[in-house]
Every structure is written in structure tokens, then in C-alpha cells.
Amino acid sequence: SEGLPPCFAIEGEVVTVLSEDGSVYGCHGYRLPTEAEWEYAYRAGTQTAFYNGDFEGSVSGDCNHHPNASAIGWYCGTTPGPEERQAPKEKSPNAWGLYDMAGNVREICWDGQSPFPASSTPQTDPVAWPHDPSAVSAEPVNRGGGYMDNAHFLRAAARHFGDDQGATGFRLVRTLSPAPLSE
């Protein structure tokens, strides 16, 4: 924890954000990324379906090989066998040097299940954390796709709810410039 304060406390099923402003972004310690932060990190400045190119093909549930997905992640079209997670850093990183943003295991985000707002006004980094009244469910959103998913689910914008495969992990993040620490 490097001497950093915790970002949240969990008591039973109640999660309390411990930052001074009550925002996940005001936290100085390690935490789960929001969905928007996760997608921003995955894309690394790109606007394509995968961080290494577009998705061309159907969104069917089959496990067909997809060249862009295969270069960056483990999924049912590349995994050597059923239920086999793979070692990290075996596929190509994105432009920011982040490995394993796609495939192998789905990554849990801070946000609870919530639809994207139907608004003509663009939003920057919206948050629907699990106990926010706007969240449809306290079930966390998972991103990135897993080793049992098809290539379609490795896209930057693909969202998953729950863990029906036992292939879920997490990536910790930290806000680098939150409000100053209290003395």
C-alpha cells in the first residue's frame, strides 16, 4: 500500500468511499478503475475496436480466429485448451505499454451495472459505483473479455456483467493528482 490511505471500506455489502470529497477520484490510494478509465487505458489514444485495429467479422458466439484479437489477447479462438488462463505479457501491449487489456481474464471495474446515459451532452468519466442510485445493479462491470469469450468481447467497448466463467481478475489504478492530502 506504500503508506497510502485506503480508497474505500467494505462492511458486509456496503462500500464506503473514503476520500475527503466522497469521490473515487479524490482517493490517494490504490483502487479499481472506473469503466471510463479502463476504456481510456485500453484504447491508449486509438479509436478502433481493438487497440491494434478494427473488428471485422460477425458478433456470433463462435470461436473463430480474428487476427487483431489474436495479437493482443487470449480468447476461445487462441486459448490452447478449455479453461486455460495464460501467463501475462504473452501478447502485444497497447501503445502505452499496457499488457493484457484484452482477453485472458475479464477485469472488474469500480462501476456497478448501469446503462450509458441517453444524453446528447458528452460526459467525461461518468461513474456509477455499486451503491449509486443510478446503478441498475451492484454487480460490477467487467471489461476486456476472457479466455472463454469470443473475439467480439475483447473490443474496447464490450461490457460484461457478473462472472459466469470464473475468469475474472482486476487491475489496480491510482489517481495521480487528486486534491492535496490533509496535513
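Everything quoted here is computed from the prediction, not taken from an experiment.

Novice: Tell me what's going on with the overall build of the protein, and back it up with residues and numbers.
Specialist: The helix and strand tally for the protein stands at 2 helices and 8 strands. Starting at the N terminus and walking to the C terminus, you meet the elements of the protein as β-β-β-α-α-β-β-β-β-β. Counting every position in the protein, which comprises 183 residues, the buried fraction comes to 40%. For the protein, long-range pairs separated by at least 24 residues make up 60% of all intrachain contacts whose partners lie at least 6 apart in sequence. Carbon together with sulfur atoms contributes 54% to the accessible area of the protein, which is approximately 10000 Å² in total.

Novice: Break down unusual backbone geometry for me, with residues and values.
Specialist: Despite not being glycine, lysine 89 shows a phi value in the positive range, around 65 degrees. For lysine 89, the position within the fold is in the loop between helix 2 (67-72) and strand 4 (106-113). Residue classification places lysine 89 among the exposed residues on the basis of a relative accessible area of 56%. Positive phi outside glycine occurs at asparagine 104, with the angle close to 70 degrees. Along the chain, asparagine 104 falls in the loop between helix 2 and strand 4.

Novice: Pulling in residues and values, what's your account of the pairing of strand 2 (residues 14-17)?
Specialist: Burial along strand 2 is one-sided: the residues Val15 and Val17 are buried and none of Val14 and Thr16 is. Relative to strand 2, strand 1 (residues 8-11) is paired through 4 bridges, and the arrangement is antiparallel. Looking across to strand 2, one finds that glutamate 11 is bridged to valine 14.

Definitions and limits used
- Residues numbered from 1 in each chain as written.
- Predicted model: local features only at pLDDT ≥ 70, side-chain atom pairs only at ≥ 80, totals over all residues.
- Heavy atoms only, no water.
- Helix = DSSP H or I, 4+ residues; strand = E, 2+ residues; numbered from the N terminus.
- Buried < 20%, exposed > 50% of the residue type's maximum accessible area, 1.4 Å probe, protein only.
- Contact = heavy atoms within 4.5 Å.
- Areas by Shrake-Rupley, 256 points an atom, 1.4 Å probe, with all protein chains shown as cover.
- Pairing = 2+ DSSP bridges.

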